[in-house]
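# Per-entry structural report
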Amino acid sequence: MRTAAETIEVRRPSAVRALTLLLGVTAAATVVVELLNWWYAPGQEFGLAVRTGWAMLRSLGFLVLIGHVNRGRAVAKPLGLILAVTTVFAVGRLVVPRVGVPPLPGLLGFGLLTGLCVAVVGLLYRSDVVGSHLVRHRKGLVISGGRLSWREVAPKRPAVTGWLLTARAAAFTYSPLVLVPALVAGGSILDGRLSSVPAVLFWFAAGIAVSYLVLFCTAFLLRGRSWARKLLVAITLGTLAVDLPLCWWLLGLDGLIRDGAPLLAAAALALYSLHRTHPTPASAG
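Model, not experiment: these values are computed from the prediction.

We now examine the packing of helix α1 (residues 14–40) against helix α3 (residues 76–95). With their axes 10 Å apart at the nearest point, α1 and α3 run at an angle of 20° to one another. With respect to their mutual orientation, α1 and α3 come out roughly parallel. Handedness of the α1/α3 crossing: left-handed. In this structure, α1 uses T30, V33, E34 and N37 to contact α3, whose residues at the interface are T87, V91, L94 and V95.

This model, assessed by the stated rule, comprises 4 aromatic pairs. When the ring of F220 is compared with that of W227, the centres are 5.1 Å apart and the planes differ by 45°; the resulting orientation is tilted. The exposure class assigned to F220 is partly exposed, which follows from its relative accessible area of 30%. Linked through ring pairs, F216, F220 and W227 together constitute an aromatic cluster. Over the aromatic face of Y125 sits the side chain of K77, whose NZ or CZ is 5.7 Å from the ring centroid.

All right, on to helix α6 (residues 162–171) then. For α6, a buried count of 7 out of 10 residues is recorded, marking the element as mostly surrounded by other parts of the structure. Taken together, the buried positions of α6 are occupied by L164, L165, T166, A167, A169, A170 and A171.

Inspection of the secondary structure assignment puts F46 in helix α2 (residues 46–70). Separated by 141 residues in sequence, F46 and G187 have C-alpha atoms that sit 6.5 Å apart. Not counting residues within four places of it along the chain, the set of residues in contact with F46 comprises L183, V184 and G187.

In this section: the packing of α2 against α3. Orientation of α2 relative to α3, taken along the N-to-C sense of each, is 160°, at an axis distance of 10 Å. Relative to α3, α2 is oriented roughly antiparallel. When you trace α2 past α3, the crossing you get is left-handed. Contacts between α2 and α3 involve L48, R51, T52, W54, A55, R58, G61, F62, L65, H68 and V69 from the former and A76, L79, G80, L83, T86, T87, A90, R93 and L94 from the latter. Within the contact of α2 with α3, the residues separate by chemical class into 11 nonpolar, 6 polar and 3 charged.

Moving on, we come to the layout of surface pockets. Its boundaries defined by the atoms lining it, the second largest pocket holds a volume of some 380 Å³. Together, 16 residues line the second largest pocket, and L79, I82, A169, F172 and T173 are the ones closest to its centre. Among the secondary structure elements, those contributing two or more residues to the lining of the second largest pocket are α2, α3 and α6. Tallying contributions element by element places α2 first for the lining of the second largest pocket, with 5 residues.

Before going further, it helps to examine the pattern of salt bridges. For the coordinates displayed, the defined rule picks out 1 salt bridge. Where R258 meets D254, a salt bridge forms, and the shortest distance between an N and an O atom there is 2.7 Å. With a gap of 4 residues between them, R258 and D254 both fall in helix α9 (residues 226–276), about one helical turn apart. Note on R258: relative accessible area 9%, which makes it buried.

The end-to-end C-alpha distance of helix α8 (residues 197–221) is 36 Å, a good match for the 36 Å that 25 residues give at a rise of 1.5 Å each. Every buried residue belonging to α8 is among A199, V200, W203, A206, G207, V210, V214, C217, T218 and L221, and all of these are buried.

This part covers the confidence of the model for the protein chain. Averaged over the protein chain, the pLDDT score is 81; the fraction of residues at 70 or greater is 80%. Here strand β1 (residues 139–144) stands out as the element of the protein chain with the lowest mean pLDDT, 58, in contrast to α8, whose mean of 93 is the highest. For the stretch residues 1–9, pLDDT sits under 50, and the model shows 3 contacts to residues farther than four places along the chain or on other chains. Below pLDDT 50 for its whole length, residues 280–285 participates in 4 contacts with residues either more than four positions away or in separate chains.

Analysis parameters
- Residues numbered from 1 in each chain as written.
- Predicted model: local features only at pLDDT ≥ 70, side-chain atom pairs only at ≥ 80, totals over all residues.
- Heavy atoms only, no water.
- Axes fitted to C-alpha atoms, helices over the stretch in contact; angles between N-to-C directions.
- Helix = DSSP H or I, 4+ residues; strand = E, 2+ residues; numbered from the N terminus.
- Parallel < 35°, antiparallel > 145°, perpendicular 65-115°, else oblique.
- Left-handed = near helix turned anticlockwise from the far one by under 90°.
- Contact = heavy atoms within 4.5 Å.
- Phe/Tyr/Trp six-rings, centres within 6.5 Å; stacked < 30°, edge-to-face > 60°.
- Buried < 20%, exposed > 50% of the residue type's maximum accessible area, 1.4 Å probe, protein only.
- Lys NZ or Arg CZ within 6 Å of the ring centre and 35° of its normal.
- Nonpolar A, V, L, I, M, F, W, Y, C, P; charged D, E, K, R; others polar.
- 1 Å grid on protein atoms, 1.4 Å probe; cavity = no way out; pocket = protein on both sides within 12 Å on 5 of 7 lines; lining within 4 Å.
- Points joined across faces, edges and corners; volume = space filled by probe spheres on them.
- Salt bridge = Lys/Arg side-chain N within 4 Å of Asp/Glu carboxyl O.
- Expected span 1.5 Å × (residues − 1).
- pLDDT = per-residue confidence, 0-100.

Here it is as structure tokens:
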């Protein structure tokens with residue numbers, strides 16, 4: 001016999017359960033498509049291995065996203081959007097070989113994965129049921145009435161829009177998108193191109209510096225500081241100014257397309273998201 005003191009489990013809406021299942025399928029499809037691309041690749045060189053490994057790591061990102069969706073976290077929307085966009089670019093750059101036409105299994109897998117990513121974004125942003133579910137904040141220790149409890153904690157910062165969270169999530173991808181081609185270029189050192197050592201080391205240092213700059217900037221961006229918006233724009237343009245020429249110089253046109261395009265997509269998303277948000281009168285101060 002059920003008593004009033006018992007905890008009643010609330011069943012999640014069907015749209016949320018469908019989104020969770022779709023994310024799991026997308027994570028599995030990411031791994032399968034990357035393995036197909038690796039299997040059919042005519043030359044399994046060091047650069048392809050690095051790019052394939054980075055693309056497969058996105059499957060872990062989808063698993064993290066499932067946890068946010070299950071907990072109803074508002075951050076799930078921007079995280080899902082940037083994961084979907086960068087996954088399509090990351091997989092697309094590996095489908096096309098250096099020479100010849102893409103293999104049919106790779107094209108079919110890329111089409112399937114693109115459809116799954118579009119469906120994920122559609123559910124996240126077009127479903128009212130999912131939108132009403134993704135409204136919770138993180139949990140933390142709270143002292144109330146002399147008792148310590150673990151419960152949801154409302155952020156002390158001013159309320160932020162979804163576009164601002166999207167700009168933050170997109171900016172966090174700058175560092176890995178810079179470090180991956182830098183690691184690929186590091187393979188040229190093993191081939192005897194010792195003259196490129198200073199450029200590769202600078203590339204690595206820039207990628208690490210970008211991660212700290214973005215972390216510092218977005219902390220104040222979410223608190224409504226207008227100077228943080230300008231700083232994020234400067235970081236975005238500076239990252240492109242460093243990464244794209246190095247991709248062209250050390251990796252050639254092929255590397256510029258494969259590694260520069262995902263960074264351009266993330267930068268465009270971050271800048272567009274900033275454009276969609278407008279500073280409040282309080283943030284001007």
